[in-house]
Amino acid sequence: MISILRRGLLVLLAALPLLANAASTPSAHDLVQDTTTRLLADLAANKEKYKQSPNDFYNALNSIVGPVVDADGISRSIMTVKYSRKATPEQMVRFQENFKRSLMQFYGNALLEYNNQGITVSPAKDESGTRTSVDMQVKGNNGAIYPVSYTLEKINDEWKVRNVIINGINIGKLFRDQFADAMQRNGNNLDKTIDGWAGEVAKAKEVTEDAAQKAAQ
């Protein structure tokens with residue numbers, strides 16, 4: 001069984017659209033709904049190719065994720081003000097790249113395992129402000145339904161993904177805790193923590209998979 005976190009990240013990736021050339025700015029709800037269809041269609045057409053070429057798979061996912069995720073905001077949120085204000089622009093860029101790549105490497109295979117079990121986007125919520133959420137339900141192979149909620153913020157009149165909550169697990173908070181713990185263990189060495197971030201993602205994966213197994217029992 002694919003774990004809750006892997007399913008949640010599957011949907012997170014599925015909800016990140018390739019809409020850079022869209023004629024008009026989509027609503028947060030449409031951003032999620034339309035992109036789910038787009039990415040799953042791309043996977044259906046290229047799944048075997050991606051299985052043989054992990055680098056092509058990463059590049060494809062990154063091209064989809066990049067335009068609609070507030071990578072800078074997410075990175076600063078994970079670091080918190082305590083550490084991000086001390087980071088150089090180069091360190092911030094390196095952390096963003098390490099963060100994205102490690103997520104793709106550890107969780108990307110969940111996309112290749114997805115067999116269209118079922119993803120349902122809930123009706124749109126109030127989007128009149130600068131912050132909203134979009135909910136989804138992901139059906140697993142065993143018929144279980146996993147709730148996923150995305151937090152989006154409007155930046156320069158475009159909706160950007162800022163966080164995801166998977167079956168009650170706040171992924172942003174989880175990574176913030178992991179970053180703070182890593183900094184403490186590394187003697188507040190920012191470069192060491194950034195360069196070792198893939199290991200922290202692996203630890204977070206273990207934590208959430210343990211929680212998923214307990215929830216399934």
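Our subject is the structure that appears above.
Read on for an overview of the structure. Bear in mind the structure is a predicted one, so any value in this text is a computation, not a measurement. (Residues numbered from 1 in each chain as written. Predicted model: local features only at pLDDT ≥ 70, side-chain atom pairs only at ≥ 80, totals over all residues. Heavy atoms only, no water.)

1. Here we look at the sheet that holds strand S5 (residues 169-170)
Note the cut-off: Pairs of strands are assigned from DSSP output, requiring at least two bridges between the strands. Counting from the N terminus, the helices are the DSSP runs of H or I reaching at least four residues and the strands are the DSSP runs of E reaching at least two. Here a residue-residue contact requires only that any non-hydrogen atoms of the pair lie within 4.5 Å. Lines fitted to the C-alpha atoms define the axes, with helices restricted to the stretch that makes contact. Angles between their N-to-C directions range from 0 to 180 degrees.
Sheet architecture is open: five strands sit in the order S1-S2-S3-S4-S5, paired in antiparallel fashion. Edge positions in the sheet fall to strand S1 (119-121) and S5, since each of these pairs with one other strand and no more. Judged from the two bridges that link them, strand S4 (residues 158-166) and S5 form a sheet pairing that is antiparallel. Along S5, the bridge assignment pairs Ile-165 with Asn-170. Across the sheet, helix H2 (residues 28-52) touches S1, strand S2 (131-139), strand S3 (145-155) and S4, and the angle it forms with S2 is around 35°.

2. Focus: the pattern of salt bridges
As a reminder, the rule being used: We define a salt bridge as a side-chain nitrogen of Lys or Arg found within 4 Å of a carboxyl oxygen belonging to Asp or Glu.
Scanning the entire structure with this criterion turns up 13 salt bridges. Salt-bridge contacts for Arg-94 lead to Glu-90; the nearest nitrogen and oxygen are separated by 2.8 Å. With Arg-94 and Glu-90 both in helix H5 (residues 89-107) and four residues apart, this pair spans about one turn of that helix. Ionic contacts of the salt-bridge type, sharing partners, join the residues Asp-70, Arg-131, Glu-153 and Arg-162 into one network.

3. Focus: the nonpolar core
In plain terms, the rule: Remark: nonpolar core denotes a set of buried residues (Ala, Val, Leu, Ile, Met, Phe, Trp, Tyr, Cys) joined through side-chain atoms within 4.5 Å. Exposure classes here rest on a 1.4 Å probe applied to the protein chains alone. A residue is buried below 20% of its type maximum, exposed above 50%, and partly exposed in between.
If you look at the biggest cluster of nonpolar residues, it comprises 49 residues, and the most contacted ones within it are Leu-43, Ile-78, Met-79, Leu-152, Phe-175, Phe-179 and Trp-197. A total of seven residues in this core trace back to one element, the largest contributor, which is H2. Setting aside residues no more than four positions away along its own chain, Phe-179 makes contact with Ile-78, Met-79, Tyr-83, Phe-95, Leu-190, Thr-193 and Trp-197.

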